[in-house]
Amino acid sequence: MAFDLTSDVQKSIKKQAVDEELTPSDMIRKILQLDVKSKKTRQRLSFNLNDDEIAELAIRFGVATDDKRAVKQQVADILIQKFSKGE
């Protein structure tokens with residue numbers, strides 16, 4: 001089922017789902033007191049970079065422009081550093 005809910009309601013559901021390590025779908029099932037059969041999920045973040053952006057970041061990080069894995073690790077390190085400090 002798909003629902004047209006306000007942005008605030010959707011955000012609240014998603015935030016609570018993340019806090020409880022559930023998908024938004026499983027959070028709704030829990031709210032409705034239905035069985036939640038899924039195991040807790042490890043939330044993943046993703047975003048898209050085009051080839052030019054990958055090359056730009058590679059240069060910034062001092063790694064080979066075709067080394068996507070190194071760029072990905074550098075981005076992960078930056079995010080971990082920024083958000084592990086509670087900023």
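Note: the structure precedes this text.
Residues numbered from 1 in each chain as written. Predicted model: local features only at pLDDT ≥ 70, side-chain atom pairs only at ≥ 80, totals over all residues. Heavy atoms only, no water.

Student: Explain the side chain of Asp26 to me, and be specific about the residues and the numbers.
Tutor: Positionally, Asp26 belongs in helix α2 (residues 24-31). One buried charged side chain, Asp26, makes no salt bridge at all; its nearest oppositely charged neighbour is Arg29, positioned 4.8 Å away. Not counting chain neighbours up to four residues away, the residues in contact with Asp26 comprise Val36 and Ser38. (Helix = DSSP H or I, 4+ residues; strand = E, 2+ residues; numbered from the N terminus. Buried < 20%, exposed > 50% of the residue type's maximum accessible area, 1.4 Å probe, protein only. Lys, Arg positive; Asp, Glu negative; His and termini not counted. Salt bridge = Lys/Arg side-chain N within 4 Å of Asp/Glu carboxyl O. Contact = heavy atoms within 4.5 Å.)

Student: Report on a nonpolar patch on the surface, specifying residues and quantitative values.
Tutor: A cluster of nonpolar residues, Met1, Phe3, Leu5 and Val9, forms a patch on the protein surface that exposes about 460 Å² of accessible area. Mapped onto the secondary structure, Val9 falls in helix α1 (residues 7-19). (Patch = residues over 30% accessible without salt bridge, like charges linked within 9 Å, V, L, I, M, F, W, Y side chains within 5 Å. Areas by Shrake-Rupley, 256 points an atom, 1.4 Å probe, with all protein chains shown as cover.)

Student: Can you tell me about unusual backbone geometry, naming the residues and giving the values?
Tutor: Notably, Glu21 is not glycine yet its phi reads approximately 55°, a positive angle. Considering the arrangement of structural elements, one finds Glu21 in the loop between α1 and α2. The residue Gln33 is not glycine, and still its phi comes out positive at about 60°. The residue Gln33 is located in the loop between α2 and α3 (51-61) in this model.

Student: Any details on the pattern of salt bridges? Residues and values, ideally.
Tutor: Enumeration over the complete set of coordinates arrives at two salt bridges. We note a salt bridge from Lys30 to Glu20, for which the minimum N-O separation is 2.4 Å. With a gap of 10 residues between them, Lys30 in helix α2 and Glu20 in the loop between α1 and α2 connect regions that are remote in the sequence.

Student: Report on the environment of Ile78, specifying residues and quantitative values.
Tutor: Within the secondary structure, Ile78 is located in helix α4 (residues 68-84). Judged by relative accessible area, Ile78 falls into the partly exposed class, the value being 42%. Sequence separation between Ile78 and Ala58 is 20 residues; the distance between their C-alpha atoms is 14 Å.

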